[in-house]
Structures are given as structure tokens and as C-alpha cells.
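Commentary on secondary and tertiary structure
Residue strings, one per chain:
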Amino acid sequence: TIKQSKMPDAEQKIENYELGFHLLPEIEEHQIEQKTKEVETLIVKLGGSVNSSRPPKKQHLSYPINHKKYSYFGVINFKLPANNTDQLRDNLKLDEIILRCLILKVRENQKVLRTLKEQSPKSRTRTYTPVKPAGKLKEEIKPEIMEKQIEEVIENI
């Protein structure tokens, strides 16, 4: 059951949020769409509005969640009164099809969960700067002195 907050609508601060959620990998495709619509409906019932949503896609998990190596991962961007986020999280945790979810507050015009395609490749150029050894520099040896030292070593052999 959804409780309406005690504060009047004029006093509630509406914030931008992003919800990332994992669904069980065993569910069928029509259930995926249905669950996404249920979450969006829940947001609206709590006094929010859905800005955009990315439909869940199957992906391999880096670490298993409840012994599952795959899940359907989706993202929903929405606005919601700040007081109702705990209620949304509690309702999502009770759902058995949702493995895990995360609600993040988003600043205006900020993307939080990005795909690899959206990230621009940064050019990586490195410049080489030789490092001079600290301390005393080696003395230069004149060729005549070096030849004399080599002859002495050869004579001692």
C-alpha cells in the first residue's frame, strides 16, 4: 500500500532522480516490459513524473547477485518529491522480480549511469622527459687516459 506524505504539495521539494535496477534473468520478455511499466506507475502514484527510461537489457554481472550471473538492467530518470524516495525504495525491495535497485539524486542536466558509447574517447598522448640522476655527475675521461688504462689491464693479464 502506498501512503501519501503528510506535507502539502506546495512545501514538498521535487528532485530529479535516476533509478537503476536489475531484474531476474529467468523472466520472459513480456514480463520485463510489464515490470518496467509497474515501476513507472509506482513513481507516478507517489507524486512523481517519469522523464525517460531505458528498457532493461540482459547483461553479464561482474559479481553474482543472489547466485545469478546475468540480469536485465534498466534505468529510469524521474522527478519525485524528496520525501517519497524511501517509500519508493521500500516498495521496490519487496518485489521478488527485482534483484537489486539503486536510486541516485541527479543534478540538473547531469547524466549518472552512462553507457560506453556515450563516453567520448580521450586522446592519450605522453611526452617523454628524461630524468637526470640526482647527485654527482660522472667525470669525462680523455681518450689518452682511457687507452693507458686499457694497456695496463692487458699487461696484467
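The preceding data block contains the structure.
Residues numbered from 1 in each chain as written. Predicted model: local features only at pLDDT ≥ 70, side-chain atom pairs only at ≥ 80, totals over all residues. Heavy atoms only, no water.

Attention now goes to helix H2 (residues 85–94). Looking only at H2, the buried set comprises Thr-85, Gln-87, Leu-88 and Leu-92. The buried side chains of H2 occupy one side of the element, clustering within an arc of 160 degrees when seen end-on. Exposed and facing more than 90 degrees away from the buried side of H2 are Lys-93 and Leu-94. (Buried < 20%, exposed > 50% of the residue type's maximum accessible area, 1.4 Å probe, protein only. Helix = DSSP H or I, 4+ residues; strand = E, 2+ residues; numbered from the N terminus. Arc of directions from axis to C-beta.)

Further remarks concern the environment of Pro-81. In this fold, Pro-81 is placed in strand S3 (residues 68–81). Among the residues examined, Pro-81 registers a relative accessible area of 4% and is labelled buried. Separated by 34 residues in sequence, Pro-81 and Gly-47 have C-alpha atoms that sit 6.8 Å apart. Pro-81 has contacts with Gln-12, Lys-13, Ile-14, Leu-46, Gly-47 and Gly-48, leaving out every residue within four places of it along the chain. (Contact = heavy atoms within 4.5 Å.)

Time to look at unusual backbone geometry. The phi dihedral of Asn-66 falls on the positive side, at around 50 degrees, and the residue is not glycine. Here Asn-66 shows up in the loop between strand S2 (49–65) and S3. Exposure remark for Asn-66: the relative accessible area of 53% places this residue in the exposed category. A positive phi is found at His-67, a non-glycine position, where the angle reads about 65 degrees. Relative to the helices and strands, His-67 is located in the loop between S2 and S3.

On inspection of all chains with the given rule, the structure shows 5 salt bridges. Notably, a salt bridge pairs Lys-13 with Glu-15, separated by 3.3 Å at the nearest N-O pair. A relative accessible area of 57% places Lys-13 in the exposed class. The salt bridge partner of Lys-68 is Glu-26, with a shortest N-O separation of 3.0 Å. With Lys-68 in strand S3 and Glu-26 in the loop between strand S1 (14–23) and helix H1 (29–45), this residue pair connects regions lying 42 residues apart in the sequence. Among the ionic contacts, a cluster of salt bridges with common partners joins Lys-35, Glu-38 and Asp-95. (Salt bridge = Lys/Arg side-chain N within 4 Å of Asp/Glu carboxyl O.)

Here we take up the packing of aromatic side chains. For the structure shown, the criterion picks out 1 aromatic pair. Summarising the aromatic geometry, the rings of Tyr-17 and Phe-78 are spaced 5.7 Å apart at their centres and angled 25 degrees between planes, so their arrangement reads as stacked. One end of the pair, Tyr-17, is in strand S1; the other, Phe-78, is in strand S3, and 61 residues separate them in sequence. By relative accessible area, Tyr-17 is classed as buried at 7%. In this structure, Lys-58 is placed above the aromatic ring of Tyr-70, and the distance from its NZ or CZ to the ring centre is 5.6 Å. (Phe/Tyr/Trp six-rings, centres within 6.5 Å; stacked < 30°, edge-to-face > 60°. Lys NZ or Arg CZ within 6 Å of the ring centre and 35° of its normal.)

To continue, consider the pairing of S1. Among the 10 residues that make up S1, 9 are buried, leaving the element largely enclosed by the rest of the structure. Alignment of S1 against S3, held across 10 bridges, turns out to be antiparallel. Residue pairing in the sheet places Leu-19 in a bridge with Ile-76 of S3. Two strands pair when backbone bridges link them, and S1 and strand S4 (residues 98–106) are joined in this way by 8 bridges, in the antiparallel orientation. Bridged to Asn-16 within S4 is Val-106. (Pairing = 2+ DSSP bridges.)

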